[in-house]
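# Examining the three-dimensional arrangement
Okay, here's what each chain looks like letter by letter:
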Amino acid sequence: MSLLLVCSLASAQAQKPTTKAPQYVARPTPSFFTTYTYLSYSIVDKATSPDPMPARGVGGTLLLRPDGTYQKHLTLAMNGTTMPFDQDGRFTFTGNRISFSYTDKKGQPRTDEGTFQLLNGVLTITLQGYPATNQSVYTLRQQ
């Protein structure tokens, strides 16, 4: 009889649904298309110095939309006042290269090009300036 009981128990366990091991679920990375807050802005003039010259009183936001449009609201403190630098336009990126196309204050089309890196919610954009030895470096954080 004990052999019959052992066989019955084995059969009952074989019919139990097995519990699957928990599966790894990838967490989505933060979206590139969002609003960023400016943390810092600096200018690099390699003809003068390899060290960046940081701007003071940096603030504002940069909104990058999935449709390729952007809104930039940058403010800098200068000479006891705040200077706004607002811009609307289009952006494109491939790999780590990015470009911003907009119309300047004189109504002329303009494109700024450079590189970007998004790491842990911090976006760093380095744009080529004029003359070619100049660069603008923006550091922003996702909101």
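To start, this report covers the structure provided alongside it. (Residues numbered from 1 in each chain as written. Predicted model: local features only at pLDDT ≥ 70, side-chain atom pairs only at ≥ 80, totals over all residues. Heavy atoms only, no water.)

### What to know about the side chain of Ser-136
Its location among the elements puts Ser-136 in strand E9 (residues 134-142). Among the polar contacts made by the side chain of Ser-136, one reaches the side chain of Tyr-41 at a distance of 3.4 Å. Sequence-distant contacts of Ser-136, that is, excluding residues within four places in its chain, are made with Tyr-41, Ser-42, Ile-125, Thr-126 and Leu-127. (Helix = DSSP H or I, 4+ residues; strand = E, 2+ residues; numbered from the N terminus. Polar contact = N/O pair within 3.5 Å; in protein donor to acceptor, adjacent residues only side chain to side chain. Contact = heavy atoms within 4.5 Å.)

### Let's talk about a nonpolar patch on the surface
A surface patch of nonpolar side chains, amounting to about 230 Å² of accessible area, comprises Met-78, Met-83 and Phe-85. Turning to its location among the elements, Phe-85 is positioned in strand E5 (residues 81-94). (Patch = residues over 30% accessible without salt bridge, like charges linked within 9 Å, V, L, I, M, F, W, Y side chains within 5 Å. Areas by Shrake-Rupley, 256 points an atom, 1.4 Å probe, with all protein chains shown as cover. Salt bridge = Lys/Arg side-chain N within 4 Å of Asp/Glu carboxyl O.)

### Here we look at the layout of surface pockets
Empty space within the largest pocket amounts to approximately 650 Å³. Around the largest pocket sit 25 residues that line it, and Lys-72, Phe-85, Gln-87, Tyr-102 and Asp-112 are the ones nearest its centre. If you list the elements that add at least two residues to the lining of the largest pocket, you get strand E1 (35-45), strand E4 (69-78), E5, strand E6 (97-103), strand E7 (109-119), strand E8 (122-128) and E9. When grouped by side-chain class, the residues that make up the lining of the largest pocket number 11 nonpolar, seven polar and seven charged. (1 Å grid on protein atoms, 1.4 Å probe; cavity = no way out; pocket = protein on both sides within 12 Å on 5 of 7 lines; lining within 4 Å. Points joined across faces, edges and corners; volume = space filled by probe spheres on them. Nonpolar A, V, L, I, M, F, W, Y, C, P; charged D, E, K, R; others polar.)

### Looking at empty space enclosed by the protein
Summed over all chains, the structure comprises one cavity of 30 Å³ or more. Roughly 80 Å³ of volume is contained in the largest cavity. Lining of the largest cavity is provided by Tyr-38, Leu-62, Tyr-70, Lys-72, Gln-87, Phe-100, Asp-112, Ile-125, Leu-127 and Tyr-138. Those elements that provide at least two residues to the lining of the largest cavity are E4 and E8. Classifying every residue of the lining of the largest cavity gives seven nonpolar, one polar and two charged.

### Digging into the side chain of Thr-139
With respect to the element layout, Thr-139 can be found in strand E9. Beyond its immediate chain neighbours, meaning those up to four positions away, Thr-139 contacts Thr-37, Tyr-38, Leu-39, Ser-40, Val-122, Leu-123 and Thr-124.

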